[in-house]
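What the coordinates show
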Amino acid sequence: MRGKHVSADVHASAENGLSAAEVAERVSRGAVNRVKSRTSRSVASIVRENVLTLFNAIIVAASIIVLLFGDVRDGIFGGVMVINAIIGIVSELRAKRTLDSLAIVDAPQSTVLRDGTAVVVPARDVVLDDVIELSLGDQVSVDGTVLSFAGLEIDESLLTGESRPVKKRAGDPLLAGTSVVAGSGRMIATAVGERAYAQGLSEQARAFTRTASEIQLSINRVLQVVSVLLVPIVVLTFYSQNRIAGGAGGDWREALVLSVASVIGMIPQGLVLLTSMNFAIGSATLARRGVLVQELPAVEVLARVDCLCLDKTGTLTTGGIRVRGVEVVAGDEETVRRALASVASDRTNATAQAIWDHLDGKSLAGAQDRAEWSVPFSSARKWSAWGTQTESWILGAPEIVINESAAGNGDLLERVRGIAKGGARVVALVHADAQVIDDQLPCQRDVAALITLEEDLRPDAAQTLDYFRSQGVHVRVISGDNPTTVGALAAQAGLTAPEGSPARLMDARDLPEDLTSQAFIDAIEAHDVFGRVTPEQKRAMVGALQARDHCVAMTGDGVNDALALKDADLGIAMGNGTQATKAVAQIVLVDSKFSVLPGVLSEGRRIIANMERVSSLFLAKTTYAAVLVIVTALVGWRYPFLPRQFSYIDSLTIGIPAFFLALWPNTRRYVPGFLKRTLSLAMPTGLVLSAAALVAFGIVEGPPQARESTAAILSLMLGAIWLLVITSRPLSPWKWVLLASVTTATIGGVMISPVRVFFSMVLPTGGEWLAVAGVGACAAVLIECAQRVFYARQFARSLRE
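Residues numbered from 1 in each chain as written. Predicted model: local features only at pLDDT ≥ 70, side-chain atom pairs only at ≥ 80, totals over all residues. Heavy atoms only, no water.

**What about the overall build of the protein?**
When its secondary structure is counted, the protein shows 29 helices and 21 strands. The buried share of the protein, reckoned over its 801 residues, is 54%. Intrachain contacts of the protein at a sequence separation of at least 6 include 72% that bridge at least 24 residues. For the protein, the accessible area works out to roughly 32800 Å², and carbon and sulfur atoms hold 58% of it. (Helix = DSSP H or I, 4+ residues; strand = E, 2+ residues; numbered from the N terminus. Buried < 20%, exposed > 50% of the residue type's maximum accessible area, 1.4 Å probe, protein only. Contact = heavy atoms within 4.5 Å. Areas by Shrake-Rupley, 256 points an atom, 1.4 Å probe, with all protein chains shown as cover.)

Structure representation (structure tokens):
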């Protein structure tokens, strides 16, 4: 671990600190708490990763060949690469800016001793060997060693995951990024700047992790297959087309351009572009709803989520808390209320603030002066205390501070449980005639008062939970509160087990200590509401669900949630959360509204369902392009299409309609097996379309040669339009308009002279139109059969799996 070095010439002392000269000397040699600005990834690396890809390499090589040896009009396909790279670069630069804002060490000022005087300096100006004064609420800004202490307790959960505060004594180490939760003390800085331990953790959390996209992974698999076939297909095509061109009076340049056409046809370049565009449009749509998407593929992950873990506060409830009533159980009411005011006087948590707001001025008067000592509230202890040398007043969770074995206390705890079942929360104030020592409660404790607190349910909580249940998403509530209380609030909001039975509750203190054991994983899988959850358990719960092949989304707002959010498949941070939480999450709810999550899930499912719908169009093209290459090479025919003719086919039967279909509303739930289902339709369709093109190419004879190509283009496009009909189902009036427009443009392009000349086509004769119509109709019938036999069967299999 970094941060162990102590300067050999330490001149500082606990009384005087460093002198001005000593500070200047350390600054001059760089022993100051400043960190060089490091980005998660450099701009150059972002550009490199979006430009130097397999997809771009193939496109660039093909574009260069066309521009050097062919017609510049055949190079228009290169624009896809440019647009796709721009979308990726802009998106990831945005993610980079957000990730770079993460700083686990967030202590803007520190109190240091210099020349015997306490001065407040920016944390970045602390130098090696500085003596730093620590008080309640301070965050430690450097690594160091304790010099003196007065009940000093440090929360190290941000760095270590251990939620229990650690008591510190002279000589104990302190780490930057921890915070003071009790007492005070002084420390000496032993490691500053980049040598601090927290900086390593900060870089770990800040490190860029690309969200896994099933669509992008599927496309990459196709590209990998194409890249393996690339060289042999180009060689085979060039050889066959060069031999044909030589025999027909052509030259090798024409053969080379046709070889490029064969390669371009096999690449689903439109699918790559459409995926990026669809993610970007989805991100923009969510932004208008107050949802910030920090990584574009996260939009797709939304569709795959089947487990949502959320905290009670801020999701089911508004986050506000108030005191419903104070019941004095024993003792003088005025004395009890004054004691209650003293224990809540630090107001460091919502419960203490609510109690303070509830009490009257008479009870609050002199609240802080009555305590000779105090123990601040700790989420690990679940209680706080104050007192004198002869007595203690303790406020905390009833099941912890109330001694159940004492007479009458069993009935009190039963009442508490009854209140908790109603959704309210109870804390108890107990009195003891002894002092709290080393966090050990006195054995004899008398209950003085029960304080009932309540939270307001969000008015839209029930509707939101109902939506997730209808979509097959298992919602689990994870909270640090009493599980009975949390369960009651969840029940009021309509939370149930997946099969509709009442939500299953569990106290996290009963979970196995081994957070990686099968028993722990089984317990998480089998329950819906967890109370008394510690920060390290929260992170382990995410891992447990992932171990059972669940896609886990998690909401969070506290700094302790940061690493759990990073581990989740989809981290969702609240806009009012900490900087660290928002920086590691893929999605931020800017207005912290739980009610926007159904819209977030719906957008993700729309995108992946529509992308599956249109992917068959692109992969069918990859299939028929590969078949055309192989067949024409083996038979010895001229390759039927030029690169720009492929652009004509793609734009009308795939690119333009796919863009509109990808934006269409789609409520279908996510079904695993995206690539298998897509290929089950695309591959047989591709075979049919290649056969249609070759048949038309063979039965229509030139001159000119463009006549054969025109027949092949039109026959293939008619079959492809029927595939478009299949992917557009269920058909609506607007979809009929889209299909009619595509069909009209297909035929009209041949009829309009400038378009026909640009794409090297000719106007078919009456007999050729009949041949094209017949071949196209046969192709449509076969594609319909393929959809009913292969795709429908694969979809049914996916549902069963």
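From this point, things continue past the structure.
**Remarks on the packing of aromatic side chains**
This structure, assessed with the given rule, holds 4 aromatic pairs. Aromatic side chains Y467 and F468 sit 6.0 Å apart centroid to centroid with 70° between the ring planes, which places their arrangement in the edge-to-face category. Classification of Y467 as partly exposed rests on a relative accessible area of 22%. Relative to F660, the ring of F659 lies with its centre 5.6 Å away and its plane at 80°, an arrangement referred to as edge-to-face. For F660, a relative accessible area of 41% translates into the label partly exposed. By the ring-pair criterion, three or more aromatic residues cluster together here, those being Y648, F758 and F759. (Phe/Tyr/Trp six-rings, centres within 6.5 Å; stacked < 30°, edge-to-face > 60°.)

**Focus on the nonpolar core**
L570, I587 and F641 are the most contacted members of the largest nonpolar core, which has 108 residues in total. For this core, the leading source of residues is helix 23 (residues 597-635), giving 16 residues. If we ignore the near neighbours within four places in the chain, the residues touching L570 are A298, V301, L302, V305, V552, A553, M554, Q586 and I587. (Core = buried A, V, L, I, M, F, W, Y, C linked by side-chain atoms within 4.5 Å.)

**Quick look at the packing of helix 23 against helix 24 (residues 643-662)**
Running from amino to carboxyl end, helix 23 crosses helix 24 at an angle of 170°, the nearest separation of the two axes being 9 Å. Considering their axes alone, helix 23 and helix 24 lie roughly antiparallel with respect to each other. Contacts from R606, N610, R613, V614, L617, F618, K621, Y624 and A625 in helix 23 reach F646, I649, D650, T653, I654, A658, L661 and A662 in helix 24. By residue class, the composition of the contact of helix 23 with helix 24 is 11 nonpolar, 2 polar and 4 charged. (Axes fitted to C-alpha atoms, helices over the stretch in contact; angles between N-to-C directions. Parallel < 35°, antiparallel > 145°, perpendicular 65-115°, else oblique. Nonpolar A, V, L, I, M, F, W, Y, C, P; charged D, E, K, R; others polar.)

**Describing the confidence of the model for the protein**
Per-residue confidence for the protein gives a mean pLDDT of 79; residues scoring 70 or more make up 82%. The lowest-confidence element of the protein is helix 6 (residues 197-206), averaging 54 in pLDDT; the highest-confidence one is helix 19 (residues 518-525), averaging 94. Overall, residues 1-12 carries pLDDT values under 50, and its contacts beyond four positions in sequence, including any with other chains, amount to 30 contacts. Segment residues 102-107: pLDDT under 50, and 25 contacts once partners within four positions in sequence are set aside and those in other chains are kept. (pLDDT = per-residue confidence, 0-100.)

**Thoughts on the environment of G494**
As for its position among the elements, G494 is in the loop between helix 18 (483-492) and strand 17 (505-507). The class of G494 is partly exposed, set by a relative accessible area of 25%. Spatially, the C-alpha atoms of G494 and R469 are 9.9 Å apart, while their sequence positions differ by 25 residues. Residue contacts for G494: discarding those within four places in its chain leaves L465 and R469.

**Side note on the sheet that holds strand 8 (residues 291-293)**
Across a sheet, paired strands are connected by hydrogen bonds in the backbone, their directions being either parallel or antiparallel. What the 8 strands build is an open sheet, ordered 8-21-20-19-9-16-18-17; its pairing is mixed. For this open sheet the edge positions go to strand 8 and strand 17, each flanked by a neighbour on one side alone. Averaged over all pairs of adjacent strands, the angle between strand axes in this sheet comes to 20°, irrespective of strand direction. Pairing analysis gives 3 bridges linking strand 17 to strand 18 (residues 529-531), with the strands arranged parallel. Bridged to L505 within strand 18 is V529. (Pairing = 2+ DSSP bridges.)

**A short note on the pairing of strand 20 (residues 570-574)**
Counting buried positions along strand 20 gives 5 out of 5 residues, so the element sits mostly inside the fold. Burial along strand 20 is two-sided: the face carrying L570, I572 and M574 and the face carrying G571 and A573 are both buried. Here strand 19 (residues 552-556) runs beside strand 20; their pairing, made up of 4 bridges, is parallel. Bridge pairing in strand 20 links T555 to I572.

**Some points on the environment of M506**
Position of M506 among the secondary structure elements: in strand 17. Sequence separation between M506 and I478 is 28 residues, and the spatial gap between their C-alpha atoms is 9.9 Å. Among residues more than four places away in sequence, those in contact with M506 are P483, L511, A523, H527, V529, F530 and G531.

**A word on unusual backbone geometry**
The omega torsion across R729 and P730 is 0°, close enough to zero to call that bond cis. Note that P730 resides in the loop between helix 26 (705-728) and helix 27 (733-751). Despite not being glycine, R532 shows a phi value in the positive range, around 55°. As for its placement among the helices and strands, R532 is situated in the loop between strand 18 and helix 20 (535-547). You can call R532 buried: its relative accessible area is 10%. One non-glycine residue, D549, lies in positive phi territory at about 65°.

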